[in-house]
Amino acid sequence: MPVRLRVLWLLRGDRRSASSRLQGYLIHDELRKKHSDIIESKLILAPPVWLYGESWDGALCKKLAEGATGSIVVMQKLIGQEFAQLPRLIRAAGGKTVYVHCDYDPDNLIPFDCDAVVVTSRVLADWYIGHGHGVVKIIEDPNEFAWEAPAPTREQTTRLIIGWIGHEMNWGTLDIVRQVLVEPEFADFQLVTISNHPDATLRWSPEIVKQTLREIDIGVIPVGRGIAAEAKSSNRATMFMGAGVPTIAGRIPAYEDLIRDGENGFLVGSAEDMRRSLRRLRSRRLREDMGRAGFCDVQQRFTVDASAEKWIHLFRELGQRLTPQTNSARTALAEAEFENAIAMRKLSWQTGNCALARKYAVSAVHTAMLHPNRKRIIRVCKAALYNVYRRMIKTKL
């Protein structure tokens, strides 16, 4: 009977952070839902906000490493001196590490100390391989919205709604779209933007994105220049196409690998390409056919289940060389979980999220009290546990 692998996730952001959600929370949830017989998946670091630097001290990193014996630890975009020591500590304790990255980040050397690197595009894969990493896997971002059918195609050929979804850092890429839409031929098109940029039509949230996707006629994804833009994943294209929305995308490798120009979407490299694509997409029939073709392609290749299967394959490869788990490692992991819950509770209070702080406090108490070795854990963390209880009583939890 195959050994049940234990996977520990250290994520840099909360569920509102796209990279943490797509290559962290969604995969963890899928493993627990459908593959718990072969994978024991545990969220260890699931912070209330995006982490910009140190959030763990050296003692907590060492405690986690002790608890990672016989485990595979996934580090998602983590940075900072304390996290930089983790891969070596975990390897010394008999565990394995996987670093997940979706952006070009040449100054971050942590991935090179990990046993494997997971990236979301072939450009990133080629970069890591070219710089000497021996185990690099491409696992594309899954399409998180599981629609049963393409979005209905509206009858009109004028006043069509164009949708753009993106981070404020990519706001400037919209210039090519705005340039075309001010022209008389395209002045009837309406541009709707969803972003954290202050000038966006709608403030970004997963709920707003899901609601709006089915209400737009055309999705646009203009791109920037340079290797940072070329290394991007296909997730924005699969988001539109997976909803059955005909998509116009810039020419980067991830989009070129997905889009067959003129069939399941359009690839553009200039304002004239944008004009030509918008002109053709006035046709209701073409929007419907293109939306359906894109929908079918995404449904076949970019489901959460398909991504989880690729992760499982990697975990099995790494699991062949793992040191067996020990009771002392399990106790150390419980202690690390407790101390992390305390650290995240403090961070939640500092960021003003009192409800989440109380949630972490409850998690800390449960971790300590429900573990078979709770006497030792409570003894080791006695002062911190006392403070948790005091805070819970004070806030009438």
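What counts, and at which threshold
Residues numbered from 1 in each chain as written. Predicted model: local features only at pLDDT ≥ 70, side-chain atom pairs only at ≥ 80, totals over all residues. Heavy atoms only, no water. Core = buried A, V, L, I, M, F, W, Y, C linked by side-chain atoms within 4.5 Å. Buried < 20%, exposed > 50% of the residue type's maximum accessible area, 1.4 Å probe, protein only. Helix = DSSP H or I, 4+ residues; strand = E, 2+ residues; numbered from the N terminus. Contact = heavy atoms within 4.5 Å. Pairing = 2+ DSSP bridges. Right-handed = clockwise from strand over helix to strand, strands pointing away. Arc of directions from axis to C-beta. Axes fitted to C-alpha atoms, helices over the stretch in contact; angles between N-to-C directions. Parallel < 35°, antiparallel > 145°, perpendicular 65-115°, else oblique. Left-handed = near helix turned anticlockwise from the far one by under 90°. Phe/Tyr/Trp six-rings, centres within 6.5 Å; stacked < 30°, edge-to-face > 60°.

Q: What is the right way to look at the nonpolar core in this model?
A: As a rule of thumb, nonpolar side chains are buried together in soluble globular proteins. Judged by nonpolar contacts, the single largest core of 25 residues is most densely connected at Ile165, Val209, Leu213, Phe240, Tyr255 and Ile259. Of all the secondary-structure elements, those providing two or more residues to this core are strand 7 (161–165), strand 8 (190–195), helix 7 (206–213), helix 9 (235–242), helix 10 (253–258) and helix 12 (284–301). Ranked by residue count, the leading element in this core is helix 9, at four residues. Every residue in contact with Tyr255, bar those within four places of it in the chain, is listed here: Ile221, Val223, Ser233, Ser234, Arg236, Ala237, Ala249, Gly250 and Leu267. Of all hydrophobic cores here, the second largest spans 24 residues; its members include Ala65, Phe83, Leu333 and Ala336.

Q: Looking at this structure, how should I read unusual backbone geometry?
A: Where the residue is not glycine, phi is negative for most of them; where a peptide bond is considered, it is trans in most cases. A positive phi is found at Lys77, a non-glycine position, where the angle reads about 60 degrees. By the secondary structure assignment, Lys77 is in the loop between strand 3 (71–76) and helix 3 (81–84). For Lys77, a relative accessible area of 9% puts it in the buried group. Of note, Arg159 is a non-glycine position whose phi angle comes to about 55 degrees, a positive value. Its place among the elements puts Arg159 in the loop between strand 6 (136–138) and strand 7. Taking relative accessible area as the criterion, Arg159 reaches 61% and is therefore assigned exposed.

Q: Just to check I follow, could you spell out the pairing of strand 7 for this structure?
A: Within a regular strand, the side chains alternate between the two sheet faces. Of all five residues making up strand 7, five are buried, and the element is well covered by its neighbours. Here strand 7 shows two buried faces, one formed by Ile161, Gly163 and Ile165 and the other by Ile162 and Trp164. Looking at chain direction, strand 7 and strand 8 are connected through five bridges and run parallel. Its bridge partner lying in strand 8, Ile161 is registered against Gln190. Taking the sense of rotation as the criterion, the β-α-β connection linking strand 7, helix 6 (residues 175–181) and strand 8 turns out right-handed. Bridge count between strand 7 and strand 10 (residues 218–221): two bridges; the pairing is parallel. Directly across from Ile162, in strand 10, lies its bridge partner Ile218.

Q: How do you make sense of helix 4 (residues 86–93) when you look at a structure like this?
A: In an α-helix, one turn spans 3.6 residues, which is why side chains three or four residues apart end up on the same side. Looking only at helix 4, the buried set comprises Leu86, Pro87 and Ile90. The buried residues of helix 4 occupy one face: seen down the axis, they fall within an arc of 95 degrees. Elements that come into contact with the buried residues of helix 4 comprise strand 1 (5–11), helix 2 (58–67), strand 3, helix 3 and strand 4 (96–101). Taken from the residues just after helix 4, Gly94 is the one with a positive phi, measuring 95 degrees.

Q: Explain the packing of helix 9 against helix 12 to me, please; I cannot follow it from the model alone.
A: How two helices sit against one another is set out by the angle between their axes and by the gap between those axes. Between helix 9 and helix 12, the least distance of the axes is 7 Å, while the angle of their chain directions is 120 degrees. As the angle between them shows, helix 9 and helix 12 are arranged oblique. Considering the relative orientation of helix 9 and helix 12, their crossing is left-handed. Counted together, Thr238, Met241 and Gly242 of helix 9 and Gly291, Gly294, Phe295, Val298 and Gln299 of helix 12 form the full contact between these two elements.

Q: Help me understand the pairing of strand 3, please; the structure alone is not making it clear to me.
A: Summarising burial for strand 3: six of the six residues are buried, a large majority. Neither face of strand 3 is left uncovered, since the one carrying Ser71, Val73 and Met75 and the one carrying Ile72, Val74 and Gln76 both have all their residues buried. Pairing geometry for strand 1 and strand 3, over six bridges, is parallel. Among the inter-strand pairings, Leu11 is bridged to a residue of strand 3, identified as Gln76.

Q: Explain the packing of aromatic side chains here, please?
A: Between two aromatic rings, the relevant description is the distance of the centres plus the angle of the planes. In the structure shown here, the tally under the stated rule is eleven aromatic pairs. Their ring planes at 90 degrees and their centres at 5.0 Å tell us that Trp127 and Tyr128 sit as a pair that is edge-to-face. Across the pair, exposure class does not vary: Trp127 and Tyr128 are buried alike. Ring centres of Trp164 and Trp171 lie 5.6 Å apart, and the angle between their planes is 80 degrees; on these two criteria the pair is classed as edge-to-face. Residue Trp171 is classed as buried on the basis of its relative accessible area, which comes to 14%. Site record: aromatic cluster; members linked through ring pairs are Tyr104, Phe112, Trp127 and Tyr128.

These values are about where atoms sit, not about what they do.
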